Amino acid sequence: MPTVSVIIPTYNRADDIPRAIDSALDQTLSDVEVIVVDDASTDDTASVVTAYDDPRVNYLVHETNQGGSAARNTGIEVATGDYIALLDSDDEWAETKLERQVETLERRSDEWVAAYCGTMILDDADANPLVERVKSVLGTHDSREGAEGGEELIKEILMENLHTSAGSTLVVESEVVERIDGFDESFDRYQDTEFLIRVLKEGKLAYVDEPLLRRYPSGGPSADAVRRANAHFLKTFAEEVVELETRGYDVTGTHQYALAAQYLREGRFDAGLAYLRAGSTPGPAQLPGLVYSVVRGVQNRVGA
């Protein structure tokens, strides 16, 4: 099997990172190198990672915090594998993940250059029981999973119809990563999505229909941070957005709706309703997620 270089960027996750490293080292695909890039952590990350007595683990350290995109690029620069695999430091892979993805790509023609897989999202044990009940009854997933293809998937991504968890599912041919010059370091959010869109301009994306990634709750950015990142994201792909909106796809409205849900979850109802009015009309598949956001926001306001 081809060599796979696993890139794990990390910052102050000494308690979580062994889970990620262990899952990368325990892969059934044996020819793996694990490149951990410490983005200037101030906790015990260094002692945790250097405790691994395994020649497959390469530990790199930034002297100053540069962000996740820069950390990934540092790992990519020293990677030697035929494929680059991305893994966030608080996530975990099933042991067959890389083998199944590489097998899938090796069986297909040269136009297939990347693969992702199914995801299992693990709930927070400390979550509010009422919110979790609403979540389980209504469901919160309104995007389709499992789509395959090339540039046509860019529309699905920009329209928020396809979420791939690319930061921990994606395996890409190293030659493609080199051609697109790695990650855009101007992105501190949406960097995985921006990267994936550029990959899709180089070739096709395959899907392995198995939940080979386990994602753990780790909090998230504020709605204001998401708003700023979203503006940068849409500006970067302005040409694609204009082309889609000319064809009748309300990309801007879709992203305003997503921001509305983010503000509603924080209990910031004035801002949430403002974005909701400006956004596209929620479809039936989106309503459960909207109700969940409102309930989460109410709980956040009550607990404040």
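Below: a short report on this structure. All values reported here derive from a predicted model rather than from experimental measurement. (Residues numbered from 1 in each chain as written. Predicted model: local features only at pLDDT ≥ 70, side-chain atom pairs only at ≥ 80, totals over all residues. Heavy atoms only, no water.)

1. Some points on the overall build of the protein chain
Of the regular secondary structure elements, the protein chain holds 14 helices and eight strands. The C-alpha radius of gyration computed for the protein chain amounts to 19 Å, which stays within 12% of the reference 19 Å derived for 304 residues, consistent with globular compactness. Projecting the C-alpha coordinates of the protein chain onto the three principal axes gives extents of approximately 55 × 45 × 35 Å. Looking at the protein chain as a whole, 48% of its 304 residues qualify as buried. Sequence separation of at least 24 residues holds for 79% of the intrachain contacts in the protein chain that already meet a minimum separation of 6. When the accessible surface of the protein chain is split by element, carbon and sulfur atoms take 46% of a total near 14300 Å². Measuring between centres, the 28 positive side-chain charges of the protein chain sit 8 Å from its 56 negative side-chain charges. (Helix = DSSP H or I, 4+ residues; strand = E, 2+ residues; numbered from the N terminus. Rg over C-alpha atoms; globule rule 2.2 N^0.38 Å. Buried < 20%, exposed > 50% of the residue type's maximum accessible area, 1.4 Å probe, protein only. Contact = heavy atoms within 4.5 Å. Areas by Shrake-Rupley, 256 points an atom, 1.4 Å probe, with all protein chains shown as cover. Lys, Arg positive; Asp, Glu negative; His and termini not counted. Charge placed at Lys NZ, Arg CZ, Asp CG, Glu CD.)

2. Some details on the environment of Ile 84
In this structure, Ile 84 sits in strand β4 (residues 83–86). Each C-alpha atom, one on Ile 84 and one on Gly 67, is 19 Å from the other, the two residues being 17 residues apart in sequence. Ile 84 has contacts with Ser 5, Ile 7, Ile 76, Ala 79, Leu 170, Val 171, Val 172, Ser 174 and Val 177, leaving out every residue within four places of it along the chain.

3. A few points about the packing of aromatic side chains
For any pair of aromatic rings, geometry is given as the distance between the ring centres together with the angle between the planes. A complete count under the given rule lists five aromatic pairs for this structure. Pairing Tyr 190 with Phe 233 gives two aromatic rings, centres 5.0 Å apart and planes at 20 degrees, and the pair type is stacked. One end of the pair, Tyr 190, is in the loop between α8 (174–179) and α9 (191–200); the other, Phe 233, is in helix α10 (residues 223–236), with 43 residues separating them in the sequence. According to the relative accessible area criterion, Tyr 190 is partly exposed, its value standing at 23%. Residue Phe 233 is classed as buried on the basis of its relative accessible area of 1%. A ring pair is formed by Phe 233 and Phe 237, whose centres lie 5.4 Å apart and whose planes are at 65 degrees; its orientation type is edge-to-face. Grouping aromatic residues by their ring pairs yields a cluster made of Tyr 190, Phe 233 and Phe 237. (Phe/Tyr/Trp six-rings, centres within 6.5 Å; stacked < 30°, edge-to-face > 60°.)

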